[in-house]
Amino acid sequence: FVVGSDGYIYEGRGWNHIGRHTRGHNAIGYGVSIIGNYTAKLPSRHAMDLLRFQLVLCAVNGGGLTSNFTIQGHRQVVNYTSCPGDALFSEIRSWEHFGE
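Quantities reported herein were computed from a predicted structural model and do not represent experimental measurements. (Residues numbered from 1 in each chain as written. Predicted model: local features only at pLDDT ≥ 70, side-chain atom pairs only at ≥ 80, totals over all residues. Heavy atoms only, no water.)

Chemist: Mind laying out the environment of Ser90, listing which residues take part and the relevant values?
Modeler: Along the chain, Ser90 turns up in helix α2 (residues 86-92). Assessed through its relative accessible area of 49%, Ser90 is described here as partly exposed. Linking Ser90 and Leu42, residues 48 residues apart in sequence, is a C-alpha distance of 9.5 Å. (Helix = DSSP H or I, 4+ residues; strand = E, 2+ residues; numbered from the N terminus. Buried < 20%, exposed > 50% of the residue type's maximum accessible area, 1.4 Å probe, protein only.)

Here you go:
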């Protein structure tokens, strides 16, 4: 999935197909990107809310995600990336479902 600053969430492979986002984690999670560089600044509040609330609610209500899910930054499971950027990673660390 990709969250755009235009107010839309774009579907990549979707709910019922295994993605290719993170080796070793593809079968147990969904990959979500927010378009932009978030090393020094955050995405818009609207874009973050689309991910944090709208996409998650859709996933849980549709049975694609358990209600006790964990959010992780890409850098936590891939050694060679700083994704999702320092500013955004700091932000998601404060979210309810963030997991180390």
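Chemist: Describe unusual backbone geometry, and please don't skip the residues or the numbers.
Modeler: A cis geometry characterises the amide bond from Cys83 onward to Pro84, with omega recorded as 15°. Locating Pro84 in the fold gives a position in the loop between α1 (45-61) and α2.

Chemist: Please give an account of the sheet that holds strand β2 (residues 9-10) that cites residues and values.
Modeler: Strands pair in a sheet through their backbones, by hydrogen bonds, and they do so in one of two ways: parallel or antiparallel. Across the sheet, three strands lie side by side as β2-β1-β3; this open sheet has mixed pairing. Of all the strands in the sheet, just β2 and β3 (33-34) have a single pairing partner and so form its edges. (Pairing = 2+ DSSP bridges.)

Chemist: I'd like to hear about the environment of Arg75, residue by residue, with values.
Modeler: If you trace the backbone, Arg75 turns up in the loop between α1 and α2. Take Arg75: its relative accessible area is 21%, and that puts it in the partly exposed class. Considered as a pair, Arg75 and Asn61 are 14 residues apart in the sequence and their alpha carbons are 28 Å apart. Sequence-distant contacts of Arg75, that is, excluding residues within four places in its chain, are made with Thr81, Ser82, Cys83, Pro84, Gly85, Asp86 and Phe89. Within the local environment of Arg75, its side chain forms a polar contact with the side chain of Asp86, the two groups lying 3.0 Å apart. (Contact = heavy atoms within 4.5 Å. Polar contact = N/O pair within 3.5 Å; in protein donor to acceptor, adjacent residues only side chain to side chain.)

Chemist: Could you give me a rundown of the packing of aromatic side chains, with the residues and numbers involved?
Modeler: Applying the stated rule across the entire model yields three aromatic pairs. Aromatic pair Tyr8 and Tyr10: ring centres 6.3 Å apart, planes at 50°, arrangement tilted. A relative accessible area of 52% means that Tyr8 is categorised as exposed. Relative accessible area serves as the criterion here: at 38%, Tyr10 is assigned to the partly exposed category. Ring plane angle 75° and centroid distance 5.8 Å describe the contact between Phe89 and Phe98, whose orientation is recorded as edge-to-face. The pair Phe89 / Phe98 is uniform in exposure class, with both members buried. Taking the ring centre of Phe89 as reference, the NZ or CZ of Arg75 above it sits at 4.5 Å. (Phe/Tyr/Trp six-rings, centres within 6.5 Å; stacked < 30°, edge-to-face > 60°. Lys NZ or Arg CZ within 6 Å of the ring centre and 35° of its normal.)

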